[in-house]
Each structure stands twice: as C-alpha cells, then as structure tokens.
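Listed here are the chains, written in short residue letters.
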Amino acid sequence: MNMSSDETPSGVKTVVVPAAGMGTRFLPATKTVPKELLPVVDTPGIELIAEEASVLGASRLAIITAPNKPELLRHFGQFPNLVDTLAERGKDEQVAKVRRAGDLIEPVAVEQAEPLGLGHAVGLAESVLDADEDAFAVMLPDDLVLPMGVMEKMAKVRAELGGSVLCAFEVAPEEVYNYGVFDVEEIAEGADLPADQVKRVVGMVEKPDPADAPSNFVAAGRYLLDRAVFDALGRIEPGKGGELQLTDAIELMIKEGHPVHVVVHDGKRHDLGNPAGYIPACVDFGLSHPKYGPGLKKAITAILAEHEAAEAESEAGGN
C-alpha cells in the first residue's frame with residue numbers, strides 16, 4: 001500500500017509500535033501470551049493502538065517485535081475458518097470482532113533481535129518508511145492515552161511549527177519523580193496555537209526529585225518525530241546495558257536547534273505495562289462498556305462494601 005504522506009489527513013503514514021519486550025511484570029501470563037495481546041475487557045492493547053493509528057489516518061503499523069513473538073502479527077490475520085464457523089451460526093457481532101483488527105491498518109513486522117532500548121527500536125523502523133515520509137509517529141503500547149485524538153493535535157502543531165512534537169500530561173508536582181519531565185518555555189508570539197496547550201521544549205529530565213523538576217509536564221507514550229531523529233540516533237552513545245535511549249536523541253536534536261514542542265493533553269493515561277495500571281484500565285473500560293458496564297458497577301459496589309466491612313471488623317477485633 002503506497003500512499004504519499006501528504007495524502008493522509010494528518011500527514012502521517014507510518015505508526016511505529018515498539019513491542020519487543022518480554023512482559024516480565026505480567027508473568028506467568030506472558031509465558032505464552034504477549035503482553036500486548038492481553039485484553040482490556042475484550043480488546044487487546046495492540047488493537048487499541050491500531051485503532052488510534054487508523055483514526056490518525058495512518059496506513060502502516062510498524063510493529064517492532066522480538067523473534068519469538070509471531071502472535072502479534074497473527075492477531076491482524078483473517079482467520080477464515082473461525083469467521084466461517086461464526087457466520088454459519090449467525091454470530092455476526094463476533095465475526096465483526098474477529099475481522100476488525102485486520103481491517104484497521106496494514107501491519108508490518110520489524111524484528112529487534114535484542115532489547116537494546118527504545119531508541120534502538122525506533123531506529124529500526126527507518127527500513128520500512130517510504131522515501132517521501134519526512135515524519136512518522138511512535139505509539140508506546142503500554143500507554144493508553146484517552147480520549148483518542150491527541151496525535152491529530154500534534155500533527156497540527158508540526159504543520160505550523162515544524163520539527164518534532166511530543167505528548168505531555170500535567171501532574172501534581174509531588175508526582176513528577178515517576179516520569180520524564182519536560183523543561184519548557186512559551187511558544188513564540190504570533191503562533192496560531194493555544195499557549196496553555198502547546199509548549200516549546202528546551203530539555204528533558206528523567207525522574208527528577210520534585211524540588212529539582214523544571215516543570216510538572218511529563219512525557220506520555222506518543223511521539224511525532226521528524227525523520228532527522230534517525231541521524232541523531234546514529235550519533236548518540238549507548239547508556240546503561242548498552243541501550244540507546246530515544247530521549248538522548250531528542251535532547252541532541254534540541255541542542256542542535258531542531259524545534260521540539262509538546263501538546264499538553266487534557267485527558268487521562270492508563271499504564272498497561274504493569275498490573276497496577278492494567279487493572280484500573282480494565283475497570284475504566286468495563287464501566288464504560290454498554291454491555292458490561294451496569295453489571296460491573298453493581299459488582300464493584302458490592303465488592304467494595306465487602307472489603308470495607310471486613311476491614312472494619314478486623315480493626316474492631318484489633319482494639
């Protein structure tokens with residue numbers, strides 16, 4: 001599928017999804033099931049990313065995957081036997097669910113033989129970009145950014161200001177130590193963009209002490225990167241464990257005058273990369289689900305009441 005990046009609504013043709021990790025925080029489930037295929041209610045995380053990429057107008061999903069994770073690409077297959085069986089039984093809704101992933105976007109596998117960092121993974125994607133693609137998106141499958149649409153805003157910022165654009169969230173100042181934090185300044189006067197939502201990035205600090213943090217704007221897993229990032233990735237030094245960090249390449253680009261901005265997203269982010277974030281994501285999606293939501297709300301209310309009663313009884317017994 002060859003489509004000029006200028007022909008896509010956002011100007012973005014390729015979305016890169018780094019998904020070569022082992023998912024160790026979800027063991028033992030991830031012994032046989034890739035983390036990216038764990039369902040958020042009934043939809044795997046990788047399919048939610050594919051949906052977001054499709055809404056952006058991208059036509060290619062470049063999945064950076066490990067040699068032993070063929071299931072990720074298989075999820076986007078056709079499954080004709082399953083479709084035929086379901087169709088014969090009149091299960092049209094299930095047929096649509098089986099076909100949905102394959103209809104969203106064209107997946108392309110890019111193998112990462114060793115886990116050598118996010119920068120290394122992103123660098124591998126250069127091989128699948130077409131010659132006319134001067135920018136591409138990166139979506140981290142661990143980060144579920146809601147509501148969808150922030151990438152479209154980021155594309156508009158790039159169209160006006162050029163360079164690379166990242167997604168940011170505003171968090172409480174005492175929480176910044178959990179994140180990569182942006183050092184920002186106001187955008188230039190005359191830009192036809194909301195100054196409260198768009199900031200120019202002058203640096204980044206990884207998990208700073210709250211007293212030393214340059215701001216409370218923190219990084220989320222959405223990037224719109226100029227193709228110049230590949231050159232920067234080729235010139236940075238590996239860090240701990242021999243890993244190449246995307247942040248280091250972006251820092252180098254900033255130092256060399258490449259414009260980098262953030263869009264401050266007015267929404268929420270779920271971390272699907274660990275059980276502590278994955279469970280709330282399932283609850284949030286479940287409560288919003290038209291079929292499961294009402295029953296789940298009743299169940300959660302009852303479960304909370306049981307736990308509160310048990311805690312009260314335990315406290316009373318300890319007095």
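Residues numbered from 1 in each chain as written. Predicted model: local features only at pLDDT ≥ 70, side-chain atom pairs only at ≥ 80, totals over all residues. Heavy atoms only, no water.

Per an unreviewed UniProt entry, the protein goes by the name UTP--glucose-1-phosphate uridylyltransferase and belongs to Corynebacterium halotolerans YIM 70093 = DSM 44683. The Catalytic activity (unreviewed entry) comment attached to the protein in UniProt states, word for word, "alpha-D-glucose 1-phosphate + UTP + H(+) = UDP-alpha-D-glucose + diphosphate". Recorded in UniProt for the protein, the comment headed Sequence similarities (unreviewed entry) runs: "Belongs to the UDPGP type 2 family." (UniProt positions renumbered as here; feature names shortened; annotations may be inferred.)

A. Here's a closer look at the pairing of strand 1 (residues 14-19). Here strand 1 lies mainly inside the structure; six of its six residues are buried. Of the two faces of strand 1, the one holding Thr14, Val16 and Pro18 and the one holding Val15, Val17 and Ala19 are both buried throughout. When strand 1 meets strand 4 (residues 60-65), the two strands line up parallel, connected through six bridges. By the bridge assignment, valine 15 is partnered in strand 4 with leucine 61. Both strand 1 and strand 6 (residues 135-139) contribute to a ladder of two bridges, which runs parallel. Bridged to valine 15 within strand 6 is alanine 137. (Buried < 20%, exposed > 50% of the residue type's maximum accessible area, 1.4 Å probe, protein only. Helix = DSSP H or I, 4+ residues; strand = E, 2+ residues; numbered from the N terminus. Pairing = 2+ DSSP bridges.)

B. Spatial organisation of the pattern of salt bridges. Within this structure, the stated rule accounts for 18 salt bridges. A salt bridge links glutamate 47 to arginine 100, with the nearest nitrogen and oxygen atoms 2.7 Å apart. With a gap of 53 residues between them, glutamate 47 in helix 1 (residues 45-56) and arginine 100 in helix 4 (residues 92-104) connect regions that are remote in the sequence. Each member of the salt-bridge network shares a partner with another, and the members are Lys13, Arg60, Asp130, Asp132 and Glu133. (Salt bridge = Lys/Arg side-chain N within 4 Å of Asp/Glu carboxyl O.)

C. Region of the structure containing helix 4. In this model helix 4 runs 18 Å from its N-terminal to its C-terminal C-alpha over 13 residues, within 8% of the 18 Å that 1.5 Å per residue would give. At valine 98, helix 4 shows its largest bend, some 35°. Buried-residue contacts for helix 4 involve helix 1 and helix 3 (80-88). (Expected span 1.5 Å × (residues − 1). Bend = angle between axes of the 7 residues up to and from the residue. Contact = heavy atoms within 4.5 Å.)

D. Spotlight on helix 9 (residues 275-288). For helix 9, built from 14 residues, the straight-helix expectation of 20 Å at 1.5 Å per residue is met to within 8% by its first-to-last C-alpha distance of 20 Å. Looking only at helix 9, the buried set comprises Gly277, Tyr278, Ala281, Cys282, Asp284 and Gly286. The distance from a side-chain oxygen at the start of helix 9 to the backbone nitrogen of alanine 276 is 2.9 Å, and the residue carrying that oxygen is asparagine 274. (Polar contact = N/O pair within 3.5 Å; in protein donor to acceptor, adjacent residues only side chain to side chain.)

E. Structural view of unusual backbone geometry. Of the consecutive residues leucine 27 and proline 28, the connecting peptide bond is found in the cis state with omega at 10°. Looking at the secondary structure, you find proline 28 in the loop between strand 1 and strand 2 (39-40). For the bond running from leucine 146 to proline 147, omega is -10°, close enough to zero to count as cis. Along the polypeptide, proline 147 turns up in the loop between strand 7 (143-146) and helix 6 (150-161). In this structure, valine 41 is a non-glycine residue whose phi angle is positive, near 65°. One can find valine 41 in the loop between strand 2 and strand 3 (43-44). Under the relative-accessibility criterion, valine 41 is labelled partly exposed at 29%. The phi dihedral of phenylalanine 79 falls on the positive side, at around 50°, and the residue is not glycine. Residue phenylalanine 79 is classed as partly exposed on the basis of its relative accessible area of 25%.

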